[in-house]
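Analysis of the macromolecular model
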Amino acid sequence: MAEIRIMTDSASDIPAELQKDFGIEVLPFIIAMDDREYRDNVDFTPVEFYKKLDASAAVPTHSQLTPFTFLECYERAFAEGCTDLIYVSINAGGSATNQNAMMARDAFFRDHPEAGGKFSVHVVDGTTYTMGYGYAVVLGARAAAEGKSVEEVLAVIRDWIDHQRVLFAPYNLQFVKKSGRVSAAAAFIGDALGLRPLIGFEDGAAKILGKVRGDKAVVPAIVDMMKDEMEPGSEYLCIHGALEDRNDELDAECKEKIGYLPALSYYLGCIIAINCGPNVVALVYKKKKK
């Protein structure tokens, strides 16, 4: 009988209760900040990290997950009787982590020929960030818990990844500028004019999908964009940042315009906050199929 194990990395932002409910293994990225190293979402919560981020003398950095980390996971899973390990990674275009997972897979089967035909490792590119791929992991883990085959679980995961959209709007451009999500010149002009970009991901790359003037226009604009793009009746998620009043505004606007509550509201994780800043609101949803 197949035993499927689901694994991802901490940039997926899957809340701890969902990790526990579905037995999802989450590998933490290491964050370097003020001459110390921390484990993402282990050594502090996102809200605690927002405060550290504001007080930090420099923008923190984070490292990729190494082949050795994955090799240990594969060896442990095989020893414990797992037949299929599915790892869904952070966007391969923005991190070498996906490539490292595949390198470790090749090394594992080279070192353990006895695993052939008994154990499989499936590495899936999440193509994006936060619960844009994290929710695919949750849906896949739910399908596995229901007794679906590995092929069915992978189909569920890929269907969400292939049709998802992460749409976020930062209220200031300090971190977005430093991360390169928009050019330094565009960030400077945007701040000076009070413009706020609406940023999504196309084929794994960040793209400015629109701009609004002033903070009050941000939430209505991103909810309207989601409403126009999303698959009718499908699940969506609200992402909260450090601005609690904006978080409440986002939830209320979604309820009014979409007509039903999000499947989940959660706080943006530390890895993504480093790149877009903590003062942000965002949405994750499934786009209409063409």
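Everything that follows concerns the structure shown earlier in this document.
These lines cover the structure that appears in this document, whether it is placed above or below. (Residues numbered from 1 in each chain as written. Predicted model: local features only at pLDDT ≥ 70, side-chain atom pairs only at ≥ 80, totals over all residues. Heavy atoms only, no water.)

Helix and strand counts for the chain stand at 11 helices and 13 strands. For the chain, the spread of C-alpha atoms along the principal axes amounts to about 65 × 45 × 30 Å. Burial analysis of the chain (290 residues in total) assigns 51% to the buried set. Within the chain, contacts between residues separated by at least 24 positions form 75% of all contacts whose residues are at least 6 apart in sequence. The averaged location of the 42 negative side-chain charges in the chain is 5 Å from the averaged location of its 31 positive side-chain charges. (Helix = DSSP H or I, 4+ residues; strand = E, 2+ residues; numbered from the N terminus. Buried < 20%, exposed > 50% of the residue type's maximum accessible area, 1.4 Å probe, protein only. Contact = heavy atoms within 4.5 Å. Lys, Arg positive; Asp, Glu negative; His and termini not counted. Charge placed at Lys NZ, Arg CZ, Asp CG, Glu CD.)

Bringing the environment of Ile30 into the picture now. Within the element layout of this structure, Ile30 appears in strand β3 (residues 30-33). Exposure remark for Ile30: the relative accessible area of 29% places this residue in the partly exposed category. Between the C-alpha atom of Ile30 and that of His62, which follows or precedes it by 32 residues, the distance is 5.6 Å. Excluding its chain neighbours within four sequence positions, the residues that come into contact with Ile30 are Glu37, Tyr38, Arg39, Thr61, His62 and Ser63.

Topologically, Thr83 is positioned in the loop between α3 (67-79) and β6 (84-89). Residue class for Thr83 comes out buried when judged on its relative accessible area of 19%. Side-chain polar atoms of Thr83 contact the side chain of Asp84, separated by 3.2 Å. (Polar contact = N/O pair within 3.5 Å; in protein donor to acceptor, adjacent residues only side chain to side chain.)

Taken in spatial order, the three strands of this open sheet run β4-β3-β5, and their pairing is antiparallel. Two strands close off the open sheet at either side, each with one partner strand: β4 (36-39) and β5 (61-62). When β3 meets β4, the two strands line up antiparallel, connected through four bridges. Of the residues in β4, the one forming a bridge with Ala32 is Glu37. (Pairing = 2+ DSSP bridges.)

Counting residues in each nonpolar core, the largest one holds 74 residues, and the members touching the most others are Phe49, Phe70, Tyr74, Leu85, Ile86, Phe119 and Met131. A per-element tally of this core places helix α5 (residues 131-145) first, with nine residues. Aside from chain neighbours lying at most four places away, what touches Phe49 is Ile31, Met33, Phe44, Pro60, Cys270, Ala273 and Ile274. Among the nonpolar cores identified, the runner-up in size contains 21 residues, and Met225, Met226, Leu250 and Val281 belong to it. (Core = buried A, V, L, I, M, F, W, Y, C linked by side-chain atoms within 4.5 Å.)

Counted under the stated rule, the structure contains 14 aromatic pairs. Between Phe44 and Phe49, the ring centres sit 5.2 Å apart and the planes meet at 35 degrees, which makes this aromatic pair tilted. As far as the burial class goes, Phe44 and Phe49 line up, both buried. Measuring from ring centre to ring centre gives 5.0 Å for Phe108 and Phe109, while their planes differ by 85 degrees; the resulting arrangement is edge-to-face. Since its relative accessible area comes to 0%, Phe108 is described here as buried. In textbook terms, an aromatic cluster arises when at least three aromatic residues are bridged by ring pairs, as seen for Phe70, Tyr74, Phe78, Tyr87, Phe108, Phe109 and Phe119. (Phe/Tyr/Trp six-rings, centres within 6.5 Å; stacked < 30°, edge-to-face > 60°.)

The next point concerns the packing of helix α9 (residues 218-229) against helix α10 (residues 244-258). Between α9 and α10, whose axes approach to 10 Å, the crossing angle comes to 35 degrees. The interaxial crossing formed by α9 with α10 has right-handed handedness. Contacts from Val219, Pro220, Ile222, Val223, Asp224, Met226 and Lys227 in α9 reach Arg246, Glu249, Leu250, Glu253, Cys254, Lys257 and Ile258 in α10. Classifying every residue of the contact of α9 with α10 gives eight nonpolar, no polar and six charged. (Axes fitted to C-alpha atoms, helices over the stretch in contact; angles between N-to-C directions. Left-handed = near helix turned anticlockwise from the far one by under 90°. Nonpolar A, V, L, I, M, F, W, Y, C, P; charged D, E, K, R; others polar.)

With that settled, the discussion passes to the packing of α3 against helix α4 (residues 97-111). At a minimum axis distance of 8 Å, the contact between α3 and α4 shows a crossing angle of 50 degrees. As far as their axial angle goes, α4 and α3 are oblique. Crossing handedness for the pair α3 and α4: right-handed. Facing α3, whose interface residues are Pro67, Phe70, Leu71, Tyr74, Glu75 and Phe78, α4 presents Thr97, Asn100, Ala101, Met103, Ala104, Arg105, Ala107 and Phe108. Looking at the contact of α3 with α4 residue by residue, the classes come out as 10 nonpolar, two polar and two charged. (Parallel < 35°, antiparallel > 145°, perpendicular 65-115°, else oblique.)

Pairing is parallel in the open sheet, where four strands are placed in the order β2-β1-β6-β7. The two strands at the open ends of the sheet, each matched to only one other strand, are β2 (25-27) and β7 (120-125). When the angles between neighbouring strand axes are averaged without regard to direction, this sheet yields 20 degrees. Relative to β2, strand β1 (residues 4-9) runs parallel, the two sharing three bridges. Looking at the pairing, Met7 lines up with Glu25 of β2.

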